[in-house]
Each structure stands twice: as structure tokens, then as C-alpha cells.
Amino acid sequence: MTAMLRVVNRVFLGLVGLVLLVLGGSVLAVGLGAPAPSWWIHDSRHDVLLSDAERTRWRDSGWWWPTVIAVLAVLLLLALWWLVAVLRRRRLAEVLVDTGDGEGALLRGRALENVLTQEAAQIDGVDRAHAHLTGRRSAPEARVRLALEPHVDPGTALHDLTTDALTHARTSAGLASLPAEVRLRGVKHGAERVS
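Keep in mind that what you see is a predicted model, and the values were worked out from it rather than measured. (Residues numbered from 1 in each chain as written. Predicted model: local features only at pLDDT ≥ 70, side-chain atom pairs only at ≥ 80, totals over all residues. Heavy atoms only, no water.)

Some words on a nonpolar patch on the surface
A cluster of nonpolar residues, Leu-18, Val-19, Leu-21, Val-22, Leu-23 and Trp-39, forms a patch on the protein surface that exposes about 610 Å² of accessible area. Assignment of secondary structure puts Leu-18 in helix H1 (residues 3–31). (Patch = residues over 30% accessible without salt bridge, like charges linked within 9 Å, V, L, I, M, F, W, Y side chains within 5 Å. Areas by Shrake-Rupley, 256 points an atom, 1.4 Å probe, with all protein chains shown as cover. Salt bridge = Lys/Arg side-chain N within 4 Å of Asp/Glu carboxyl O. Helix = DSSP H or I, 4+ residues; strand = E, 2+ residues; numbered from the N terminus.)

Written out as C-alpha cells, the structure reads:
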């Protein structure tokens, strides 16, 4: 997800959460016997959400139920679109390799990810590694996560990753550049006994 979509997603979720919190809190407060606020649509805790008159007001109008169903269908489609956009993994399926003859070849993205992961895991002091390719097939980007052992200097591990694994991946795929986002974290370990 791009940075702009992340911001829009977080603002939208925050606003929806705030509205639901205010409405749910006011319903709970009125239901527990608190006085209803002046803007509240009902008067007391024994008032029903929809009276018989409110429920049946539009029953005889021919436009009412198609409109309700259309609005709910649009809301459902928007919610499904949002869910797919959030959950979709933007994994790069293939990388375009310049063969020098103007034709090019396609390299499976998973293959390059696996090689990059294996090379990163062989760096001294790296406990686990995982690589993920995103971007376009002509300009891929790498996201690498490294779990470092406690004795490793993060700067050294990062230097080894960029000079070894990322450089090998970039040159083997014939890419001009391979931007990478690297996330480092330490591996939890038990206390060591000193004698």
C-alpha cells in the first residue's frame, strides 16, 4: 500500500471508529439510565429504536425498498473493495531481466526472493531472514526483514546485506538499481550466566 493510501485508510478507520464509539457509548449510557443528550433521537431507556410508525412509514412507496437495497449493496461493495485493497499482497510475480538483445527475459519473483532470503540468512549473525519483492517488474523493490542474534552489530549486518545479497540480486537480474527497505530486529534470548 502506498503511503497516501495508508494515511487515507488510517484516517477513515479513525473517523468510523470515533463515530461508532460516540453512538455506541450514548446508546449504552441511555440504556443504563443516564439522561439522554439533547441531540439524541430517543427520550428514555424504554424508548424503542424504531417505532411501528417509523418502520412502516415507507412500506407503500414503491421506491423505498429498491433504494434501501441499492444503498446497502453499494455500501457492501465499497466495504469489500476496501477489504481487498487492505489484504491484497502486492508481491511481484516476475522481474524483467535485460538480456542485452532488446528482448529481455522474465525471472520469477519468488525465485529471486528465495535466493535473496537464503543469501541474507547466511550473513554472519543473522538468525532468520525474509525477502519480499514489490514494485514494477522493470523496477523492483526489495523488503527484507532480518532477525539478528544478540552479539551482532546492526550496522555490520546491514553493510553485509547491501554489499553481498542485494548486490548479487541486482547484478544477477541485470537491474540498474534495487532499492531496499530493511527491517532489523533482535532475537530474544535467555540470560547468560557469568561465572
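Observations concerning the nonpolar core
Counting residues in hydrophobic clusters, the biggest one holds 24 residues, and the most contacted among them are Leu-116, Ala-142, Val-144, Leu-146 and Leu-161. Elements with a contribution of two residues or more to this core: strand S1 (94–97), helix H4 (109–121), strand S3 (126–136), strand S4 (139–148) and helix H5 (154–172). Element by element, the count of residues in this core is highest for H5, at 5 residues. Filtering out sequence-adjacent residues up to four positions away, Ala-142 remains in contact with Leu-116, His-132, Leu-133, Leu-166, Leu-178, Pro-179, Ala-180 and Glu-181. (Core = buried A, V, L, I, M, F, W, Y, C linked by side-chain atoms within 4.5 Å. Buried < 20%, exposed > 50% of the residue type's maximum accessible area, 1.4 Å probe, protein only. Contact = heavy atoms within 4.5 Å.)

Describing the sheet that holds S4
Taken in spatial order, the 3 strands of this open sheet run S3-S4-S5, and their pairing is mixed. Two strands lie at the open edges of the sheet, namely S3 and strand S5 (180–186), each paired on one side alone. Sheet twist, expressed as the mean angle between neighbouring strand axes with direction ignored, is 15°. Bridge count between S4 and S5: 7 bridges; the pairing is parallel. Bridge pairing in S5 links Arg-145 to Arg-183. (Pairing = 2+ DSSP bridges. Axes fitted to C-alpha atoms, helices over the stretch in contact; angles between N-to-C directions.)

A word on the pattern of salt bridges
The final tally for this structure, using the stated rule, is 2 salt bridges. A salt bridge links Asp-127 to Arg-128; the shortest N-O distance between them is 2.8 Å. Given the relative accessible area of 36%, Asp-127 is considered partly exposed. Overall, Arg-128 belongs to the partly exposed group, its relative accessible area being 42%.

Read these as spatial facts, not as claims about activity.
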